[in-house]
Amino acid sequence: MDYAKLWFVLWAVLWTGYFALDGFDLGVGFSGWLAADGEEERGNVFSSLGPFWDGNEVWLITAGGATFAAFPPVYAGLFSWLYPALLLILFSLIARGVSLEFRGKVQSSSWKSFWERTAAVSSFSAALLLGVAFGNLFRGLEIGAGGYTGTFLGLLNPYALLTGLLFCAFFFFHGQLWLSFKTSGPVALKAARLAGGAWYALLLLFAAFAVYSYSATGLSGNFLERRSLLALPALLAAALVSAKVLLARGSGRGAFFASFAAIALFSLTGFAGLYPALLPSRLDPAFGLTVYNSSSSVYTLRLMTAATLVLLPVAVGCQVWVYRLFRTPLTAGELKRSGMY
Amino acid sequence: MDTLALSRLQFAVTAMFHFLFVPLTLGLGWLTAWFETRYARSGDENYLRLARFWGKLFLINFALGVVTGITMEFQLGMDWAEYSRYVGDIFGAPLAIEAMAAFFLESTFIGVWVFGWERLSRKAHAASMWIVAFATNMSALWILLANGWMQHPVGYVLRNGRAEMVDFKALLLNPYGWLEFFHTVFSGWVVAGFFVMGVSAWHLLRKNQEELFKKSFGAGAVFALASSLLVAGVGDMSAVNAAKNQPAKFAAMESVWETRTAAPYTLLVVPRLNGEGNAVEALKVPYALSLMAFHDPHAEVKGLKDFLPQDRPPVLPVFLGFRTMVALGALFILLSALGVFLWRKDLLGKYPLFLKAMLFAIPLPYIAIQFGWLVTEMGRQPWAVYGLMRTAEGVSKTLAPAQVWLSLGGFTLLYSALGAVDFWLLAKYARKGMEA
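Residues numbered from 1 in each chain as written. Chains lettered and ligands numbered in written order. Predicted model: local features only at pLDDT ≥ 70, side-chain atom pairs only at ≥ 80, totals over all residues.

### Overview of the overall build of chain B
Of regular secondary structure, chain B possesses 15 helices and eight strands. A compact globule built from 436 residues would reach a C-alpha radius of gyration of about 22 Å, and chain B, at 23 Å, matches this within 12%. Projected onto the principal axes, the alpha-carbon positions of chain B cover approximately 65 × 50 × 40 Å. Counting all 436 residues of chain B, 54% fall into the buried class. (Helix = DSSP H or I, 4+ residues; strand = E, 2+ residues; numbered from the N terminus. Rg over C-alpha atoms; globule rule 2.2 N^0.38 Å. Buried ≥ 20, exposed ≤ 12 C-beta atoms within 10 Å, placed from the backbone.)

Here it is in structure tokens:
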């Protein structure tokens, strides 16, 4: 068994889990206020994330930790070469986390609106910058023989910005769908309408991203070489269409699951295109960090595989249980009892 | 300052700030779970109020512990890329396992505890806090096994230009990691015990909800006394361990310059600011240092002069940090024992001065912990991994000082603001008292 290849898959799965789960937290964070009218409705919007967001964010921590353990040079390169971008993502995630936690702690309109604005700005910048970072991965970084030679401004190239916008559109759609079945009354209705509109923007950005990726990156190579991989983007298209159909039929929950699948398939399509590189070089493929030149020793990878096979199912099981426990929206009484909203 | 100095400063600032929130989390979870279990078993609503009151303070504190923890994970790659490349094969595993084995649990079940009051039975709800408390302490275990490896690297070989793991069991059973774990979690429990005593004392002084706050004062006092005895016991073992495995650190902790057998313990020491040796050495207790370091009155204690100047840790901060920590540790035993005594005799109301002192004692365990980390981490210098990799070799090569200036400034501003808000919220909810 080639453990380095297996860990490429697990690495992709962990990032995918993060995008599909925290994606709706970020989307609600920066666009939820559009579906809400007045402080009470905004309270419903934010409390819909209450029991979940922290657990969702752990997928990011796990993806980061797994990168460190399984591909140390990738972890070192990604985080130090993209220093300013990572720093901004970090500040955004810190601000997002505290604003969700602090918002309901003081019963004052100006306090709440301050943290709502902070949540909106920080969620948006986290979504955008994560997209920009992965856009640059897809495009390839300026990695030379002696390491990275690019600049921060170079990261803000048109392709990466387009990927960033695509992430934002995805999370906007995902977040509004979440609200459409996790809240009730006018908020849910408005969220469903917003999601319906956002779908067209998402599709447009998606088409642009596909064309741009085909012409300006090496992502398509693997798909042309191994046609069976085309199943991923095909399923992605199907998931996007079903999200719209289900939404039109009034099933917010169904549409949310379809968009969950779409984000997951989008992410997996991207990773399938990257393989075998984790950090490809656009100067010369030989300088890129790949499963062949950047993985940990077989001993470590075997240990990590065993640990992951035991621990990750337990973690996922707990999360599934929590999603089922809080299947129905929190009642006003429960929110009051939580003492947090 | 160069990238190295700035990165070290940034790591110190962010780690010390992170560790303002972690210790209380480590202890207060257990106490909250304990109160709620008493409620779940007896149905006594007073215990429910205790659990909800302390649980709320737990949450406010927990929020900043979580968000500042992300920084710690990102930063090793951002500022210490060379370190991460060199040791990631062995050092990364415990961090990844921590996320999967502990952090998932605490982040998932904290939501269950906050929002699940009407969706779970009493016992299941109390269980969710037990899981959170257990998982936060497990987090500490994996992180400290990683740090323990930096202090005392085991289970690796140098191969392919890096340190590769060959024996996970050695990492898992590294005594250095376990001593650090117990010393750290017990000291976190001391923080929680003093926090609970201090806040309760504030209310008792004002005669608010006296019955309830007497209960929590008592629980805090017993918890603090037991933990401060445990922390001292493990502290003694840790010093022995340092003397054996990190002699330069131990020599700096005591500012010992000359190697000798049957070394005396010097009560009054003033290290020289420049150059080698101590300016003042007075009041020697014969054999005591050898006894302390090796539990043998005739053992040889290594002095700093046995190490090349570039292999010595900075002496003054390590020495002062260690003495302060030990003195405070002794004070915690005294104060908590007095607390237990006065609580058992129901005399707390008669000694308002003691109650006031306990309020002002809240920061002391925090200070002791920060000094403890200063001893551990500064005492390890000049090594990032003791004897294996120097800190200077670990810093990211692609990083310009200006970048770290900016990030350090950003962290300082953001953390100061968040710290101020969180402190204010804690004080606000602590003053509010329990629900009627």
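Having seen the model, we can carry on.
### Focus on the overall build of chain A
Within chain A, the regular secondary structure consists of 14 helices and four strands. Scaling as 2.2 N^0.38, a compact globule of 341 residues should have a C-alpha radius of gyration of about 20 Å, and chain A matches this with 20 Å. Across its three principal directions, the C-alpha atoms of chain A cover 60 × 40 × 35 Å. Per-residue burial over chain A gives 58% buried out of 341 residues.

### Some words on the pairing of strand S5 (residues 278–285) of chain B
In regular strands, side chains alternate between the two faces of the sheet. Residue and element names in this part refer to chain B. Within S5, only zero of the eight residues are buried, which leaves the element largely exposed. As paired elements, strand S4 (residues 265–271) and S5 share six bridges and run antiparallel to each other. The partner of Val-270 across the bridge, within S5, is Val-280. (Pairing = 2+ DSSP bridges.)

### Considering the interface of chain A and chain B
Taken together, the contact between chain A and chain B spans 58 residues of the former and 54 residues of the latter. Here the side of chain A that touches chain B gets 13 residues from one element, more than from any other, and that element is helix H13 (residues 298–325) of chain A. Across the side of chain A that touches chain B, the residue classes break down as 38 nonpolar, 15 polar and five charged. (Contact = placed C-beta atoms within 7 Å. Nonpolar A, V, L, I, M, F, W, Y, C, P; charged D, E, K, R; others polar.)

### Some points on the packing of helix H8 (residues 210–245) of chain B against helix H11 (residues 315–344) of chain B
Helix-helix packing: each pair is described by the crossing angle between the helix axes and the interaxial distance. All names here are of chain B. Remark: H8 packs on H11, axes separated minimally by 8 Å, with the N-to-C direction vectors making an angle of 150°. Between H8 and H11, the interaxial angle falls into the category roughly antiparallel. Seen from above, H8 lies across H11 with left-handed handedness. When H8 is examined against H11, the residues Lys-214, Phe-217, Gly-218, Ala-221, Val-222, Ala-224, Leu-225, Ser-228, Leu-229, Val-231, Ala-232 and Gly-235 are found in contact with a partner set consisting of Gly-329, Phe-332, Ile-333, Ser-336, Ala-337, Gly-339, Val-340 and Trp-343. Considering only residue class, the contact of H8 with H11 consists of 13 nonpolar, six polar and one charged. (Axes fitted to C-alpha atoms, helices over the stretch in contact; angles between N-to-C directions. Parallel < 35°, antiparallel > 145°, perpendicular 65-115°, else oblique. Left-handed = near helix turned anticlockwise from the far one by under 90°.)

### A closer look at the nonpolar core
Counting residues in each nonpolar core, the largest one holds 272 residues, and the members touching the most others are Leu-86 and Ala-127 of chain A together with Trp-54 and Ala-96 of chain B. Here this core gets 23 residues from one element, more than from any other, and that element is helix H4 (residues 81–115) of chain B. Leaving out residues up to four positions away in the same chain, Trp-54 of chain B has contacts with Leu-28, Leu-31, Thr-32, Phe-35, Val-196 and Ser-216 of chain B. (Core = buried A, V, L, I, M, F, W, Y, C linked by C-beta atoms within 7 Å.)

### Things to note about unusual backbone geometry
Of note, the bond from Tyr-275 of chain A into Pro-276 of chain A is cis; its omega dihedral lies within 30 degrees of zero at 5°. By the element assignment, Pro-276 of chain A lies in the loop between helix H12 (252–274) and strand S3 (277–279). Cis geometry marks the peptide bond from Gln-381 of chain B to Pro-382 of chain B; its omega dihedral reads 5°. In this structure, Pro-382 of chain B sits in the loop between helix H13 (363–380) and strand S7 (383–385). Even without being a glycine, Gln-209 of chain B presents a positive backbone phi close to 40°. Positionally, Gln-209 of chain B belongs in the loop between helix H7 (175–205) and H8. Phi angles above zero are rare outside glycine, and His-295 of chain B is one such case at about 55°.

### Things to note about H4 of chain B
Residue and element names in this part refer to chain B. Its 35 residues give H4 an end-to-end C-alpha distance of only 40 Å, which falls more than 12% under 51 Å, the value for a rise of 1.5 Å per residue. Largest kink in H4: about 90°, centred on Gly-88. Among the 35 residues in H4, 34 count as buried, and that is most of the element. (Expected span 1.5 Å × (residues − 1). Bend = angle between axes of the 7 residues up to and from the residue.)

### Concerning the environment of Trp-202 of chain B
On the secondary structure map, Trp-202 of chain B appears in helix H7. In the structure, Trp-202 of chain B is positioned 155 residues away from Ala-357 of chain B in sequence and 9.9 Å away in space, judged by C-alpha atoms.

### Some points on the confidence of the model for chain B
Mean pLDDT for chain B: 95, with 100% of residues reaching 70 or above. The ipTM value of the predicted complex is 0.94, and its pTM value is 0.95. (pLDDT = per-residue confidence, 0-100.)

### Digging into the environment of Ala-239 of chain A
All names here are of chain A. Its location among the elements puts Ala-239 in helix H11 (residues 231–248). The partly exposed category is assigned to Ala-239, around which 19 C-beta atoms lie within 10 Å. In the structure, Ala-239 is positioned 39 residues away from Tyr-200 in sequence and 14 Å away in space, judged by C-alpha atoms. If we ignore the near neighbours within four places in the chain, the residues touching Ala-239 are Ala-258, Ala-261, Ala-262 and Leu-265.

### Overview of helix H5 (residues 83–102) of chain A
Here H5 of chain A is 20 residues long and its end C-alpha atoms lie 28 Å apart, about the 28 Å a rise of 1.5 Å per residue gives. Of all 20 residues making up H5 of chain A, 19 are buried, and the element is well covered by its neighbours.

### Structural notes on the packing of helix H6 (residues 109–139) of chain A against helix H8 (residues 158–182) of chain A
Residues and elements named next belong to chain A. Two elements in contact, H6 and H8, have axes whose closest approach is 7 Å; the angle formed by their N-to-C orientations is 135°. Taken together, the axes of H6 and H8 lie oblique to each other. At the point where H6 passes H8, the crossing takes the right-handed sense. Each of Phe-124, Ala-127, Leu-128, Leu-129, Leu-130, Gly-131, Val-132, Phe-134, Gly-135, Asn-136, Phe-138 and Arg-139 in H6 lies in contact with H8, whose residues at this interface are Tyr-159, Ala-160, Leu-161, Leu-162, Thr-163, Gly-164, Leu-166, Phe-167, Cys-168 and Phe-171. For the contact of H6 with H8, a count of residues per class yields 16 nonpolar, five polar and one charged.

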